[in-house]
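One letter stands for each residue in the lines below.
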Amino acid sequence: MSNLQGPKIAVIVPIYKAKAFLKRCLDSILNQDFKDIKLICVNDASPDSSNEILENYSKHDDRIIVLNHDTNKGAGAARNTGLDYVFKNLSSIEYISMIDADDRIEPDLYSITYEVAKKSGADIVNSNFLPSSHWQYKTEANSKPLEYNGNCIKSIFDHKEFYTFVLCWSKLYKIELLKNIRFPIQKFYEDGSFAYKVLPRAKKMIVIPNILYYYNIENPESSCGKVDEETRLDSIFITIKETVNDWKQLGTYNKYKYDFIKHILHYTSMVCPKAYNGDYTDKLNEALDINISSDDVLKNLSNETKEHIKKMTKKNE
């Protein structure tokens, strides 16, 4: 499947301390059934031999572009570098995909998702993923194709185990959708922040049940795994505040306010089970721009969400 007019899909891979898995990742992308791709590898000042691997691969496959950061800036910044490169230099690109350097994909990921995207006209095609070993969250949000029209943000509220919808690497994005959207520069949950910007702006999303992505949680060098709970919580508060401000500008916040509270506090309870057990009343009120403990708010929330609020607003003993 080749097109002389140029690559159709840009694949952005941020790379940091991934040498043990990088070749497997690159091979899974380069050996796709769909050949019309450009692989944008962003070396985020990785101190290992990742750059040597990248340079060697780029000598043998002209579809690879290697970009280098002088200092480590984080996965969000690396993806932004890749996005900026695509928009400035690759005029033939129709869709953008993001893969993490320690993960791998099925050989038909792009042949399947590209066909679905072209036939449906969807801004986003979301597929399922499978973790490499023990995983505490449900990953299969659907067993048959789903379609969202003009209400793509509802995808994260329709399933309590929502994880696939806030991940940037389980999707194929129409390039126009990402023109003015970038990742925040924070240590944790930058993909969630990105999803909360992208989904309300997407006109159509197709969710397919195919498991096409393999998420690796075995990498001991994973930056995400090394972030302590207090730092995670701080990043979540930043994400909440920025999302609320953005959704207010879009006219979305009032419609989905209580769904978002339920969603984000459920997520917080999973990733910060120790840190969130204290008095964060002021931070919650400021970030959500409400009085989280008021009767007017609580009457619109489930008992489970009320329990999360209770744990996050109790005074430290």
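Structure shown above.
Below or above, wherever it landed, is the structure these notes cover. Numbering of residues starts from 1 in every chain and runs along the sequence as written. The model is predicted, so local features are restricted to residues of pLDDT at least 70 and side-chain atom pairs to those at 80 or more, both for listing and for counting; the totals for chains, interfaces and linings are taken over all residues. Hydrogens and water are ignored here; the side-chain numbers use all heavy atoms of the structure.

1. Here's the deal with the overall build of the protein
As a reminder of what qualifies: By definition, any uninterrupted DSSP run of H or I lasting at least four residues is a helix, any uninterrupted run of E lasting at least two residues is a strand, and each is numbered from the N terminus. The buried label goes to any residue with under 20% of its type's maximum accessible area, the exposed label to any with over 50%, and the partly exposed label to all in between, with areas taken from a 1.4 Å probe on protein chains only. Note on contacts: a residue pair qualifies if any of its non-hydrogen atoms lie within 4.5 Å across the two residues.
Assigned secondary structure in the protein consists of 10 helices and 9 strands. Taken across its 317 residues, the protein has 55% of its residues classed as buried. Long-range contacts, defined here as pairs at least 24 residues apart, represent 82% of the contacts in the protein between residues at least 6 apart.

2. What about the pairing of strand β4 (residues 95-98)?
Note the following rule: Strands are treated as partners if at least two bridges between them are detected by DSSP.
Burial along β4 is two-sided: the face carrying Y95 and S97 and the face carrying I96 and M98 are both buried. Here strand β1 (residues 9-15) pairs with β4 via 4 bridges, running parallel. Note on β4: the bridge partner recorded for I12 is M98. Sheet topology note: the β4/strand β8 (residues 171-174) ladder contains 3 bridges and is antiparallel. Its bridge partner being in β8, Y95 is matched across the sheet by K174.

3. Side note on empty space enclosed by the protein
Our working definition: Both site types are read off a 1 Å grid over the protein atoms alone. A 1.4 Å probe that fits but cannot get out defines a cavity, while an open set with protein on both sides within 12 Å along at least five of seven lines defines a pocket; lining residues have an atom within 4 Å of a point. Grid points are joined across faces, edges and corners, and a volume is the space filled by probe spheres set on the points. The residue classification treats Ala, Val, Leu, Ile, Met, Phe, Trp, Tyr, Cys and Pro as nonpolar and Asp, Glu, Lys and Arg as charged. All others, Gly included, are polar.
The final tally for this structure, using the stated rule, is 2 cavities of 30 Å³ or more. The space that makes up the largest cavity amounts to roughly 60 Å³. Forming the boundary of the largest cavity are S97, I99, L109, Y110, T113, V125, S127, W169, S170, K171, L172 and Y213. Broken down by secondary-structure element, the contributors of at least two residues to the lining of the largest cavity are α4 (109-120), β6 (124-131) and β8. Considering every element that reaches the lining of the largest cavity, the biggest residue donor is α4, with 3 residues. The residue inventory of the lining of the largest cavity, partitioned by class, reads 7 nonpolar, 4 polar and 1 charged. In this structure, the second largest cavity encloses a volume near 40 Å³. What lines the second largest cavity is S193, Y196, K197, E242, T243 and D246. Elements with a contribution of two residues or more to the lining of the second largest cavity: α5 (190-201) and α6 (229-250). When grouped by side-chain class, the residues that make up the lining of the second largest cavity number 1 nonpolar, 2 polar and 3 charged.

4. What about the nonpolar core?
Basically, it comes down to this: Throughout, nonpolar core names a set of buried Ala, Val, Leu, Ile, Met, Phe, Trp, Tyr and Cys residues whose side chains join them through atoms within 4.5 Å.
Formed by 104 residues in total, the largest nonpolar core has its most connected members in I96, M98, Y110 and L288. A per-element tally of this core places helix α7 (residues 253-271) first, with 9 residues. The contacts of I96, once residues within four sequence positions are left out, are A10, I12, L83, V86, F87, K171, L172, Y173, I175 and L178.

5. Side note on the packing of aromatic side chains
As a reminder of what qualifies: To pair, rings of Phe, Tyr and Trp, with the six-membered ring standing in for Trp, must have centres within 6.5 Å; the planes then decide the type, stacked if under 30 degrees apart, edge-to-face if over 60, and tilted in the middle. Note on geometry: a ring has a charge over it if NZ (lysine) or CZ (arginine) is within 6 Å of the ring centre and within 35 degrees of the ring normal.
Summed over all chains, the structure comprises 17 aromatic pairs. Taking the centre distance of 5.9 Å and the plane angle of 85° together, the rings of Y173 and F194 count as edge-to-face. Separated by 21 residues along the polypeptide, Y173 in strand β8 and F194 in helix α5 bring together distant segments of the chain. Like F194, Y173 is buried. Plain terms: the ring middles of F183 and F194 are 3.9 Å apart, the flat faces sit at 5° to each other, and that makes the pair stacked. Separated by 11 residues along the polypeptide, F183 in the loop between β8 and α5 and F194 in helix α5 bring together distant segments of the chain. Assessed through its relative accessible area of 0%, F194 is described here as buried. In textbook terms, an aromatic cluster arises when at least three aromatic residues are bridged by ring pairs, as seen for F157, F188, Y189, Y196, W247, Y256, F260 and Y267. One cation-aromatic arrangement involves R79 over F183; the distance from NZ or CZ to the ring centre is 5.0 Å. The ring of Y214 carries R104 above its face, with NZ or CZ at 4.1 Å from the centroid.

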